[in-house]
Amino acid sequence: MPAFTASAPGKIILFGEHAVVYGEPAIAVPVTQVFARVTVLPEPREERGQVRILAPDVGLEARLDDLSADHPLAAAVRGVASALDVARLQACTLRIASTIPVASGLGSGAAVSVALIRALAAFLGRPLTDAQVSALAFEVEKLHHGTPSGIDNTVVTYNRPVFFVKGHSLDTFAIAHPFTIVIGDTGVSSPTKETVADVRRGWQAQPERFEGLFAAAGSIARAARQAIEAGFPDRLGPLMDENHALLQAMGVSSPALDRLVEAARNAGALGAKLSGGGRGGNMIALTSPAAAPAVAAALAQAGATATIITEVKSHAG
Ligand code: PMV
């Protein structure tokens, strides 16, 4: 039996993080410069049921049976086995590698889950549809995030820009003109579960105020979609600035994120905001293609531990 490999990209949220948990729309795009890759190797000499998981990037080497049931990797493996009605898996080793920084808003958890689910299903000779892969990855996201909206598993599974509304089927849209985004990493790891829980506490304490912030973020996401479809991506700059201000008001920015956002704007970005859960992780800036290297350099100068320049390509929708 041959080895099977599957990859899945990173992602950024362009608009609407946090508000999306409360039913507002959000826009996310894949970032293919970073990715997770999972290879499933048969172990014909081992007994059925022996599954080994190797993730050298995070120093993990374990037998499936030794991982707790709520470990995301174990949950992904068991999710595939149960979806395919396989009681005891053929013996195998799952080798996991990822270039996506963890806990930084680039969707590393979702990408590992999606690649693992696809590779394992293919290894078992029963490839899953994208809808099945996304649904299984969503179950794993619940372990990472507590109450995820489902945006990460959706954009990572379908590997295309999505206009996402929680609980709704996939809504893709046209990108009439390509545009350039510079991503800057604060280097601060910040679990999304915590910021999502903090926003929930804020909403419980001040429901009207937070619902106003969520609704405003939803309007921005809708306006952004129109601008992207109509071929005016430059209009996204001010929308990013407004969305960042709303995220600050929700309490999920941080001095490090604000410093990078400010540095990007000063270096000529058309707009900038934090992306993902916040408090740490990454921020994004919209730039002209020509200005991107200078914005990336300014971010590094302001303390970004890594930068990525990515183009959101034209897409038929
Ligand atoms: O995984 P992150 O950090 O990009 O955050 C996901 C976006 C949130 O809206 C904060 C949470 C969610 O589940 O949608």
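The structure reproduced in this document is the subject of the present report. What you see as residue numbers is a count from 1 along each chain, following the sequence as written. This being a predicted model, a pLDDT of at least 70 is required before a residue's local features are given, and a value of 80 or more before pairs of side-chain atoms are given or counted; all residues contribute to the totals for chains, interfaces and linings. To get the side-chain values, all heavy atoms of the structure are used, and hydrogens and water are removed first.

### Here's the deal with the sheet that holds strand S9 (residues 282–287)
Rule in force here: At least two DSSP bridges between two strands are required for those strands to pair. Only runs of H or I of at least four residues qualify as helices and only runs of E of at least two qualify as strands under DSSP, and these elements are numbered from the N terminus. For helices, the fitted line uses only the C-alpha atoms of the stretch in contact; every axis is such a line through C-alpha atoms, and the angle between N-to-C directions lies from 0 to 180 degrees. Two residues qualify as a contact provided that any one of their heavy atoms is within 4.5 Å of a heavy atom in the partner residue.
Strand order across the open sheet formed by four strands is S8-S9-S7-S10, with antiparallel pairing between neighbours. Edge positions in the sheet fall to strand S8 (271–275) and strand S10 (306–312), since each has one partner strand and no second. For this sheet the average axis-to-axis angle between neighbouring strands, irrespective of direction, equals 25°. Here S8 runs beside S9; their pairing, made up of five bridges, is antiparallel. The partner of Leu-274 across the bridge, within S9, is Met-283. Of the strands in this sheet, strand S7 (179–185), S8 and S9 touch helix H7 (residues 236–250), which is tilted by about 40° from S8.

### Thoughts on empty space enclosed by the protein
With a probe scaled to a water molecule rolled over the atoms, the places where space remains empty come into view. Counted only if it meets this: Put simply, the grid is 1 Å and covers the protein atoms alone, a cavity is a trapped set of points that fit a 1.4 Å probe, a pocket is an open set with protein on both sides within 12 Å along at least five of seven lines, and lining residues have an atom within 4 Å of a point. Grid points are joined across faces, edges and corners, and a volume is the space filled by probe spheres set on the points. Ten residues, namely Ala, Val, Leu, Ile, Met, Phe, Trp, Tyr, Cys and Pro, are considered nonpolar, four, namely Asp, Glu, Lys and Arg, are considered charged, and the remaining ones, Gly among them, are considered polar.
Overall, the coordinates contain one cavity of 30 Å³ or more when judged by the stated rule. In this model, the largest cavity occupies a volume close to 40 Å³. Lining the largest cavity, in full, are Ala-103, Ser-104, Gly-105, Ser-190, Thr-192, Ser-275, Gly-276, Gly-277, Gly-278, Gly-280 and Gly-281. Here the residues of the lining of the largest cavity are counted per class, giving one nonpolar, ten polar and no charged.

### Focus on the site of the ligand
Rule in force here: One heavy atom within 4 Å of a molecule or strand is enough for the residue carrying it to be called near that molecule or strand. Under this definition, polar contacts are N or O atom pairs within 3.5 Å; protein pairs additionally need one hydrogen-donor-capable and one acceptor-capable atom, and for neighbouring residues in sequence, both atoms have to be side-chain atoms.
Near the ligand you find 16 residues, and of these Lys-11, His-18, Ser-149, Asp-152 and Thr-192 are the closest. Contact distances for the ligand include 2.5 Å between an oxygen atom and a side-chain N or O atom of Ser-149. One of the side-chain nitrogen or oxygen atoms of Asp-152 is found 2.7 Å away from an oxygen atom of the ligand. Elements with a minimum of two residues in the shell around the ligand: strand S1 (4–15), helix H4 (151–158) and helix H5 (192–205). Looking at the shell around the ligand, its residues break down into six nonpolar, seven polar and three charged.

### Points about the packing of aromatic side chains
Under the convention used in this document: Side-chain rings of Phe, Tyr and Trp (the six-membered ring for Trp) are treated as a pair once their centres are within 6.5 Å; stacked means planes under 30 degrees apart, edge-to-face means over 60, and tilted covers the remaining angles. Only protein chains enter the accessibility calculation, which uses a 1.4 Å probe. A residue is then buried if its area is under 20% of the maximum for its type, exposed if over 50%, and partly exposed in between. Our definition puts a charge over a ring when NZ of Lys or CZ of Arg is within 6 Å of the ring centre and also within 35 degrees of the ring normal.
Inspection of every chain in the model, using the stated rule, returns three aromatic pairs. With centroids separated by 4.2 Å and ring planes inclined at 10°, the aromatic side chains of Tyr-22 and Phe-214 adopt a geometry described as stacked. Of this pair, Tyr-22 sits in the loop between S1 and strand S2 (26–42) while Phe-214 is found in helix H6 (residues 207–230), placing the two residues 192 residues apart along the sequence. For Phe-214, a relative accessible area of 2% gives the class buried. Aromatic rings pair up to connect Tyr-22, Trp-203, Phe-210 and Phe-214 into one cluster. Between Arg-225 and the ring centre of Phe-163, over which it is positioned, the NZ or CZ distance is 4.7 Å.

### Re the layout of surface pockets
Estimated volume of the largest pocket: approximately 800 Å³. Around the largest pocket, the lining is made up of 45 residues, and of these Ala-103, Ser-108, Gly-109, Ala-110 and His-144 lie nearest the centre. Elements supplying a minimum of two residues to the lining of the largest pocket: S1, helix H1 (72–83), strand S5 (92–98), helix H2 (108–123), helix H3 (130–145), H4 and H5. When residues in the lining of the largest pocket are grouped by element, the largest group, five residues, is from H2. When the residues that make up the lining of the largest pocket are grouped by side-chain class, the tally is 22 nonpolar, 18 polar and five charged.

### A short note on the side chain of Thr-154
With respect to the helices and strands, Thr-154 occurs in helix H4. Residue classification places Thr-154 among the buried residues on the basis of a relative accessible area of 9%. When residues no more than four places from it in sequence are discounted, the contact partners of Thr-154 are Ser-134, Val-162, Phe-164 and Leu-170.

### Focus: the environment of Ala-135
With respect to the helices, strands and loops of the structure, Ala-135 is situated in helix H3. Classification of Ala-135 by relative accessible area gives partly exposed; the value is 43%. Separated by 22 residues in sequence, Ala-135 and Thr-157 place their C-alpha atoms 9.6 Å apart.

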